[in-house]
Amino acid sequence: MLTKNQLGFLYMFLSVCTFSIMDLLVKWSSDYPTGEVLFFRGFFGLLPTYFLIPKNKLKTFYITKRSKEHLFRCLMGLVALIAIVVALRELPLAVVVSLSYAAPLFITVLSIFLLNEKVGIFRWLAVLIGFVGVIIIAEPGFKGMNYLYFLPLIFCIGMAFVTITIRKLSKTEPIWLISIFFTITISIAGLATIPMGWKMPNLQDFILLALIGVTGGSANLFLTQSYKLSEVSLVAPLKYLALVFAIGFGYLIWNEIPTLKTLIGASLVVLASLIIFRREIYHKQTIPSTTRHE
């Protein structure tokens, strides 16, 4: 029998793997409109989440007294998801994953204004280190005025708002309800883009698009279960394996070789988020800033 910490470690590893596979599938789906991909992510993402709804809540699962906060979480999550989908299709996989690790930096800054948190010198130092890393990674985008390099940062800002809102919602709302509202929102948003032109997928591509939803939904649930079962300090650093997967997939499939600047910048961003993470453990935050919900 595995201990709770060992099970948590396993769930975190599964979460990292499934998120990495989802990123890979999104990059592969570049022949299909973004709205169509959003629909598949939402609709098929409902399948794994459905099984978490308690049986006595199946008919009334949607009832909540905090609809405005759910709406804000869903809208910010939608912005973040659109940004990351477009970025994954247009930029090297390692660059996108590296920049996405900057989310804790934005969470730290926003928490001052939205949660009235006090940020000490260590976390401010981490924010500074992290933004230096972001500048190093995104330098080609700044030089060439390539807006695509800003998309992962838009994703980070959106995820910062999402994480802070989840911190508030989770005090009274179950995680499965937060997840379901989001997946329904992106399904409806994706469906609304049909007039803009969808492409009829063949059977192989239909399976690929459906797997984007299944892997995305499953990854979030694995992540939640990991944090529920184990000590956060034990399992959260494992998520940085995603960068290794991104470099490997990028090289093997698209012949993308990360530059030295990308690796240096990614190392600084990872270091910064680890410092912030350790300080949050010290201050006993209930929801880790490194949580990825999309």
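The structure displayed is predicted, hence computed values, not measured ones.

The rules behind these values
- Residues numbered from 1 in each chain as written.
- Predicted model: local features only at pLDDT ≥ 70, side-chain atom pairs only at ≥ 80, totals over all residues.
- Heavy atoms only, no water.
- Salt bridge = Lys/Arg side-chain N within 4 Å of Asp/Glu carboxyl O.
- Helix = DSSP H or I, 4+ residues; strand = E, 2+ residues; numbered from the N terminus.
- Buried < 20%, exposed > 50% of the residue type's maximum accessible area, 1.4 Å probe, protein only.
- Contact = heavy atoms within 4.5 Å.
- Phe/Tyr/Trp six-rings, centres within 6.5 Å; stacked < 30°, edge-to-face > 60°.
- Core = buried A, V, L, I, M, F, W, Y, C linked by side-chain atoms within 4.5 Å.
- Expected span 1.5 Å × (residues − 1).

Let us look at the pattern of salt bridges. Here the structure, examined in full by the defined rule, presents three salt bridges. For the salt bridge of Glu256 with Lys27, the shortest nitrogen-to-oxygen distance reads 3.5 Å. Of the two residues, Glu256 is situated in the loop between α12 (241–254) and α13 (260–282) and Lys27 in helix α1 (residues 4–28); the sequence distance between them amounts to 229 residues. Owing to a relative accessible area of 17%, Glu256 belongs among the buried residues under this scheme. Owing to a relative accessible area of 7%, Lys27 belongs among the buried residues under this scheme. A salt bridge links Glu69 to Arg66, with the nearest nitrogen and oxygen atoms 2.8 Å apart. Relative accessible area serves as the criterion here: at 27%, Glu69 is assigned to the partly exposed category.

Okay, the environment of Gly45 next. Counting through the fold element by element, Gly45 comes out in helix α2 (residues 34–50). On the basis of relative accessible area, Gly45 is assigned to the buried category, the value being 0%. A C-alpha to C-alpha distance of 11 Å links Gly45 and Thr185, two positions 140 residues apart in sequence. In contact with Gly45, not counting residues within four places along its chain, are Phe40, Thr183, Gly213, Val214 and Gly217.

Glancing now at the packing of aromatic side chains. Tallying each qualifying case throughout the model produces 14 aromatic pairs. Judged by centre distance (6.1 Å) and plane angle (55°), the ring pair of Trp28 and Trp254 falls under tilted. Of this pair, Trp28 sits in helix α1 while Trp254 sits in helix α12; the two residues are 226 residues apart in sequence, bridging distant segments of the chain. Overall, the relative accessible area of 43% leaves Trp28 in the partly exposed class. Among the residues examined, Trp254 registers a relative accessible area of 27% and is labelled partly exposed.

By size, the foremost hydrophobic cluster in this structure holds 79 residues, and its most contacted members are Tyr101 and Ile212. A total of ten residues in this core trace back to one element, the largest contributor, which is helix α8 (residues 151–169). Not counting the four nearest positions on each side in its chain, Ile212 is found in contact with Met22, Leu25, Val26, Ser29, Val37 and Arg41.

Over its 19 residues, α8 extends 26 Å from the first C-alpha to the last, a length consistent with the 27 Å expected when each residue adds 1.5 Å. Burial analysis of α8 places 15 of its 19 residues in the buried class, the great majority of the element.

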